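One-letter residues, chain by chain:
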Amino acid sequence: MREQYRSTPLLEEDLAPTPMDQFARWFAQAVSAGLHEPNAMVVSTATPDGRPSSRTVLLKGYDSRGFVFYTNYVSRKGREIAANAHVSLLFPWHPIARQIIVTGTAARIGRDETAAYFRSRPHGSQLGAWASEQSAVIGSRAELLSRYEELAARYPEGEQVPAPPEWGGVRVTPETVEFWQGHENRLHDRLRYAPAGGDGWRVERLAP
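In this text, all values refer to a predicted model and were calculated from it rather than measured experimentally. (Residues numbered from 1 in each chain as written. Predicted model: local features only at pLDDT ≥ 70, side-chain atom pairs only at ≥ 80, totals over all residues. Heavy atoms only, no water.)

Draft legend 1. Region of the structure containing the overall build of the protein. Along its length, the protein carries five helices and nine strands. Going residue by residue from the N terminus, the α and β elements of the protein occur as α-β-β-β-β-α-β-β-α-α-α-β-β-β. Judged by the C-alpha coordinates and their principal axes, the protein covers about 55 × 40 × 35 Å. The proportion of buried residues among the 208 residues of the protein is 39%. Excluding contacts between residues fewer than 6 apart, the proportion of contacts in the protein whose partners are at least 24 apart in sequence is 63%. As displayed, the protein has an accessible area near 11600 Å², and 51% of this comes from carbon and sulfur atoms. (Helix = DSSP H or I, 4+ residues; strand = E, 2+ residues; numbered from the N terminus. Buried < 20%, exposed > 50% of the residue type's maximum accessible area, 1.4 Å probe, protein only. Contact = heavy atoms within 4.5 Å. Areas by Shrake-Rupley, 256 points an atom, 1.4 Å probe, with all protein chains shown as cover.)

Shown next, in the form of structure tokens:
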């Protein structure tokens, strides 16, 4: 199984000055291309002794400071981030032969920012955040649904649900960001932003 990618070359002079500006360009193009959930990204974390784990989560915000997603802080990824802040993100945009690979450090965002986002979530998602002790072993699906129904009775539709204390946002501050564009004959473009001292960035071309 092999795909011959036919794409426009990605050249250094065409890049934005910063990786987050370039991400904004590519993200807008992924949305315009009609990709299903272009904000889906693979988050990879590791224990202090280097045992990795990965999962797909949804990007919920980005700006000059980095990338934000939300999780239960006592989940596996939450515990691993607390013990080892080094993480990797991967945006796998296969239909347009593009990937974005981020390495950086993760930290919790403020509770005010978390609470504001939590209030914007659908009511059912708010209840789900309370119902699920993410990554914990449970006896059955029925147990999870029972917990959800108890919460639905306590907080009916239209009633404000508080953000769980163990649930909140994580911001990944990028250290490197690689933009990967697929091409024929495996001659892909790989341009990586890396720190250049101070607040500046340099662009490195990597062999495919």
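Having seen the model, we can carry on.
Draft legend 2. Quick look at the nonpolar core. One finds Phe23, Trp93 and Ile100 to be the most contacted residues of the largest nonpolar core, which totals 30 residues. Residue assignment for this core shows that the elements contributing at least two residues are α1 (19-32), β1 (40-46), β4 (66-72), β5 (86-93), β6 (98-108), β7 (167-181) and β8 (189-195). For this core, the element with the highest residue contribution is α1, accounting for five residues. For isoleucine 100, the residues in contact, after removing those within four places along its chain, are Phe23, Trp26, Leu89, Leu90, Phe91, Trp93, Val177, Glu178 and Phe179. Of all hydrophobic cores here, the second largest spans 12 residues; its members include Val68, Ile109, Ala131 and Val161. (Core = buried A, V, L, I, M, F, W, Y, C linked by side-chain atoms within 4.5 Å.)

Draft legend 3. Fine view of the pattern of salt bridges. Under the definition given, this model contains 10 salt bridges. Between arginine 76 and glutamate 80 there is a salt bridge, with its nearest N and O atoms 3.0 Å apart. Here arginine 76 and its partner glutamate 80 are both found in helix α2 (residues 76-83), four residues apart, which amounts to about one turn of the helix. A salt bridge links arginine 202 to glutamate 204, with the shortest nitrogen-to-oxygen separation between them at 2.8 Å. Residue classification places arginine 202 among the partly exposed positions, given a relative accessible area of 41%. Three or more residues joined by partner-sharing salt bridges are found here, namely Glu12, Asp189 and Arg205. (Salt bridge = Lys/Arg side-chain N within 4 Å of Asp/Glu carboxyl O.)

Draft legend 4. Expanded view of the pairing of β1. Within β1, five of the seven residues are buried, leaving the element largely enclosed by the surrounding structure. Bridge count between β1 and strand β2 (residues 52-58): seven bridges; the pairing is antiparallel. In the strand pairing of β2, methionine 41 is matched with valine 57. Linkage of β1 to β2, two consecutive antiparallel strands, is achieved through a turn of five residues, within which glycine 50 is found at a positive phi near 90°. With three bridges joining them, β1 and β5 adopt antiparallel strand pairing. Bridge pairing links valine 42 to leucine 90 in β5. (Pairing = 2+ DSSP bridges.)

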